Every structure is written in C-alpha cells, then in structure tokens.
Amino acid sequence: MSFSDAANGQCLATANGLCVNLGLSSVPETTLMTLHSRVSVASDLFKDWFVDDKAVEIYRAIDYDYEQSFGKAMEIFGIRSWLFDQGVLEFWKKNPGGGTIVNFAEGLETQRFRPGIIAGRPEGSLWITVDLPPAIKAREQFIMPDDENLHVSASVLDTGEWMHLVPKDKPVFFTAQGLFMYLEEEDTRVLFQKMAKEFPSSSIWFDSIAKWLSQKTMSGLKLTDHYQAPPMPFGANKNNALGVFKSWVPNMEVEEVPWPFEMCSGFFFHYVSPILINLPYIQNAQLNMVFNVTFPPSLN
C-alpha cells in the first residue's frame, strides 16, 4: 500500500486489527524499513552478535508487506544499530553512576530492550526518546514510557519541548540514527549550537550519508516499484565530512567511528570495502558513515 492510499483513508499497516499510524509522510515509513532490516539480522542464526527479540515481536505484530515495499532487507541497518549500541555502552562504562541517553527519532527502534543494553544500563539512568508525534504514537502501540524511559512527542528542532527534561547534573549522551540527512544543514547546525551551549562536554553519535546519495534522493530514488526513498537534503562526502561538522561549533571534537566491516556478509563488503574507503576519490562512494562528536566545555 502506498502513502497515497493512506492519504485516501486506508491504513498503511495494522497491528492487532488497529491501524499503526505512521503519519502521511514517507520519512516515518522508514521506521518500518529499518525494522525490516534489523529483524532480518536478528533472525539470522549466524549473526548471534545481534539479538533483538523485541524488534522481532513488533515486526510480527504488524500486518505489512515489507518485502513488497522495501525489497530485500539491508544488513547495513542491523550493523548500524549494533554499532550505536557500542556507543551507549561505552558511555555507561565511562559513567557507571548513570547518566542520560537522549535518543532522537527513535521510531520503532528497540535499542533499550536488547540484552547487552539491559545488562550494561546503570541503575538510575534516564532514557529520553524524542520523535515526531506520529512516530511516538506508533511506538506507543508497542513500547510505553515510564519514569526511567520518557517519550517526547515533538521535533528534535523544537528544543523547548525536550531540553528542560534533560538533567544538568549528570552526563548526557545523545544519539541519532537516520535523522540528520532528512534535515537541512542549517537546522542541524543550529541544533548543535544549542546543545553545545546547554550541555557542554556532552557527546552525540549520529550517522550521515554521502552527498551523492543525498542528491539522488532529491531527484527521486526508487528502491522498489512500491517505495521511493524520501528526500534527504543533507549529505557530506567522506573526504570533507569532518571539516563540515567541525565548522558548526567552535572547538567541537569530531571523529569518524570505524565501520565494522568484519561483520558484513559477502566477500566484497567484508574484504574489499575496507580497502576502497581509504583510497582518494573512491572513498567518497561510502554511502553511510557514523560520527562521534564531543561538545567543548565552554563556547567562550
């Protein structure tokens, strides 16, 4: 079913006979695409490094033709989720007394239910999910908030809706999977400046796509006959991404998080890609990268 069908009053996906309302936008629908791919990895017996029973539960509960819309599941999203898990666990290891995780655009991501995250989470830590109202509504059909896991129904750009909920007396780790490519660069730059001012010395992990891929989506990129990727106005190629991000906030530390190619399936991605990404010009073909940013202690 397409979004034009949903706009005409039909339901895109259902669970337990009820509509899973993702909103009339192709961006929230990507939460089903990433769910499709994470479950594919979690269901692979040869990939025991990624266990996500909650994602499998949600996936099976939603009546939706994933294959028709998105085609074959893309392993990259499962690997990305695993990688972001390592970022959260590293933060908790450095802060065993707890802290706050602020997860932007979490959608149907089930990160806090994965065994490694449960085992590594310090007592008293806070988890805040900030996402658009349709995405939060869909999420709460399967995952409910509580005193230690808050949901904020708002755009991450509406900082007045969520910043006051983040304790200032504890360390903070922000995370954003599959978000900033959908925003204009200026909007993300302003967001980073606000975060740096309000939460000095905090960190954020986020992923970014290559500029060439961004440009393809802006002209229309069909993944299947039934699904076109939403426009992604922002991207930065590997050879200049660090410089672009560093320009947003003075004295901000930025480093690329190495992609775990050893977890990739297939000879090319496992053995050849790690070589190619270090070659000039060819390295810009890398379509997705993860970055670790640490804001300065002060903007003065």
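Here is what the cut-offs are and how they apply
- Residues numbered from 1 in each chain as written.
- Predicted model: local features only at pLDDT ≥ 70, side-chain atom pairs only at ≥ 80, totals over all residues.
- Heavy atoms only, no water.
- Phe/Tyr/Trp six-rings, centres within 6.5 Å; stacked < 30°, edge-to-face > 60°.
- Helix = DSSP H or I, 4+ residues; strand = E, 2+ residues; numbered from the N terminus.
- Buried < 20%, exposed > 50% of the residue type's maximum accessible area, 1.4 Å probe, protein only.
- Lys NZ or Arg CZ within 6 Å of the ring centre and 35° of its normal.
- Patch = residues over 30% accessible without salt bridge, like charges linked within 9 Å, V, L, I, M, F, W, Y side chains within 5 Å.
- Areas by Shrake-Rupley, 256 points an atom, 1.4 Å probe, with all protein chains shown as cover.
- Salt bridge = Lys/Arg side-chain N within 4 Å of Asp/Glu carboxyl O.
- Lys, Arg positive; Asp, Glu negative; His and termini not counted.
- Charge placed at Lys NZ, Arg CZ, Asp CG, Glu CD.
- Core = buried A, V, L, I, M, F, W, Y, C linked by side-chain atoms within 4.5 Å.
- Contact = heavy atoms within 4.5 Å.

Observations concerning the packing of aromatic side chains
Line of reasoning, step 1. Applying the stated rule across the entire model yields 25 aromatic pairs.
Line of reasoning, step 2. Judged by centre distance (5.5 Å) and plane angle (25°), the rings of F91 and F173 are stacked. Pair noted here: F91 is in helix α5 (residues 75–94) and F173 is in strand β7 (residues 172–176), with a separation of 82 residues, a long-range link. With respect to class, F91 is no different from F173; both count as buried.
Line of reasoning, step 3. Judged by centre distance (5.6 Å) and plane angle (90°), the rings of F192 and F206 are edge-to-face. Of this pair, F192 sits in helix α8 (residues 185–198) while F206 sits in strand β8 (residues 203–209), and the two are 14 residues apart along the sequence. Grouping residues by exposure puts F192 and F206 together as buried.
Line of reasoning, step 4. Each member of the aromatic cluster is reached from another via a ring pair, and the members are F180, F192, F206, F234, F245, W248, F291 and F295.
Line of reasoning, step 5. The ring centre of F113 lies 5.3 Å from the NZ or CZ of K54, which sits over that ring.

Structural notes on a negative patch on the surface
Line of reasoning, step 1. Negative charge collects at one region of the surface, where E123, D146, D147 and E148 lie side by side.
Line of reasoning, step 2. With respect to the element layout, E123 can be found in the loop between α6 (115–120) and β5 (126–131).

Let's talk about a nonpolar patch on the surface
Line of reasoning, step 1. On the surface, I275, L279 and I282 cluster together into a nonpolar patch covering about 260 Å² of accessible area.
Line of reasoning, step 2. Positionally, I275 belongs in helix α11 (residues 267–276).

Regarding the nonpolar core
One broad trend across soluble globular proteins is that nonpolar side chains are buried collectively.
Line of reasoning, step 1. Counting residues in each nonpolar core, the largest one holds 37 residues, and the members touching the most others are F104, W162, F180, F192, I204 and F245.
Line of reasoning, step 2. Put simply, the parts of the chain that give this core at least two residues each are β4 (100–104), β5, β7, α8, β8, α10 (241–246) and β12 (288–294).
Line of reasoning, step 3. The leading source of residues in this core is α8, at 4 residues.
Line of reasoning, step 4. Discounting residues that sit within four places of it in the chain, F245 has contacts with F206, S208, F234, A236, M252, V254 and F291.
Line of reasoning, step 5. Listed in part, the 21 residues of the second largest apolar core include V88, W127, F173 and V290.

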